[in-house]
Amino acid sequence: MNRHPRGLYAITPDLADTARLLSCVEPVLAAGACWLQYRNKHADAGLREQQALELLSLCRRHGVPLLVNDDWRLAARIGADGAHLGEDDGGLPAARRALGPDAWLGASCYDSIELASKAVADGASYVAFGAFFPSPTKPGARRATAPLLSEASALGVPVVAIGGISPDNGRPLVEAGADLLAVISGVFDAPDPRAAVRAFATCFDSPHPGESRE
Ligand SMILES: Cc1ncc(COP(=O)(O)OP(=O)(O)O)c(N)n1
Ligand SMILES: Cc1ncsc1CCOP(=O)(O)O
Ligand SMILES: [Mg+2]
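Residues numbered from 1 in each chain as written. Chains lettered and ligands numbered in written order. Predicted model: local features only at pLDDT ≥ 70, side-chain atom pairs only at ≥ 80, totals over all residues.

Going by an unreviewed UniProt entry, the protein chain carries the name Thiamine-phosphate synthase and comes from Lysobacter spongiicola DSM 21749. As its UniProt record puts it under Pathway (unreviewed entry), the protein chain is described as follows: "Cofactor biosynthesis; thiamine diphosphate biosynthesis; thiamine phosphate from 4-amino-2-methyl-5-diphosphomethylpyrimidine and 4-methyl-5-(2-phosphoethyl)-thiazole: step 1/1." (UniProt positions renumbered as here; feature names shortened; annotations may be inferred.)

Student: I'd like a description of the sheet that holds strand β4 (residues 82-85), backed by residues and values.
Tutor: Taken together, eight strands build a closed barrel; the order of strands is β1-β2-β3-β4-β5-β6-β7-β8 and the barrel is parallel. Neighbour to neighbour, the strand axes of the sheet diverge by 25° on average, direction disregarded. Inspection of the sheet shows strand β2 (residues 35-38) paired to strand β3 (residues 66-69) by three bridges, in the parallel sense. Each residue of the ladder has a partner; that of Gln37, found in β3, is Leu67. (Pairing = 2+ DSSP bridges. Helix = DSSP H or I, 4+ residues; strand = E, 2+ residues; numbered from the N terminus. Axes fitted to C-alpha atoms, helices over the stretch in contact; angles between N-to-C directions.)

Student: Any chance you could break down the nonpolar core for me, citing the residues and the numbers?
Tutor: Within the largest apolar cluster, 70 residues are counted, with the highest numbers of intra-cluster contacts made by Ala33, Leu36, Val127, Val160, Ala161 and Leu181. The residues contacting Ala33, other than those within four sequence positions of it, are Leu8, Ala10, Val28, Val64 and Val197. (Core = buried A, V, L, I, M, F, W, Y, C linked by C-beta atoms within 7 Å. Buried ≥ 20, exposed ≤ 12 C-beta atoms within 10 Å, placed from the backbone. Contact = placed C-beta atoms within 7 Å.)

Encoded structure:
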């Protein structure tokens, strides 16, 4: 597994219709999203398990890691590549023990470098900050600013930015230190999601702040 991911981290929209979910996600993976997170805030446990399993086989076909939002137990049960946990989603140490040392385990750190540093000590293998811009998906999300991303680079794990990110506003976040841009509406509400994925790739054209051009 690539321990230095860099690119678009697509997150699924809430869709109850599994066939529709798969047909929305497939072109996004084919166009080059490098990670997928299964997030569904409305489905019951049975539907979430069914959707997660279907997405896992789709992700396997495309060689894309699948992470499950909120529910590390579901991630462990289906053998997903990892889970993403926020402050209300249970403890990182228990999730790390259940998922094993190689799983991706992400932590929402909102606008706090202290939370990020504690998350890494507790077993997180990446840290996420945001929202950086007003988010159509989560309008009440706590806000963060770009300097946090460069500060977080010192933690030694991939840094993720989330919240209202589009191909037009993503590049400064990458320049500030984001390794992954986590996006829902900027991909899935775009008139042409494939074109949006390709446009997001241009946010990563310039070298990472940690890399030299030579
Ligand atoms: C990559 C990534 N970053 C942040 C979040 C938000 O997690 P959380 O704060 O638990 O909010 P919900 O997504 O559960 O509404 C995320 N899901 N993914
Ligand atoms: C889950 C989450 N956490 C902070 S903003 C957000 C939603 C991201 O969705 P969008 O890319 O549509 O703003
Ligand atoms: Mg959550």
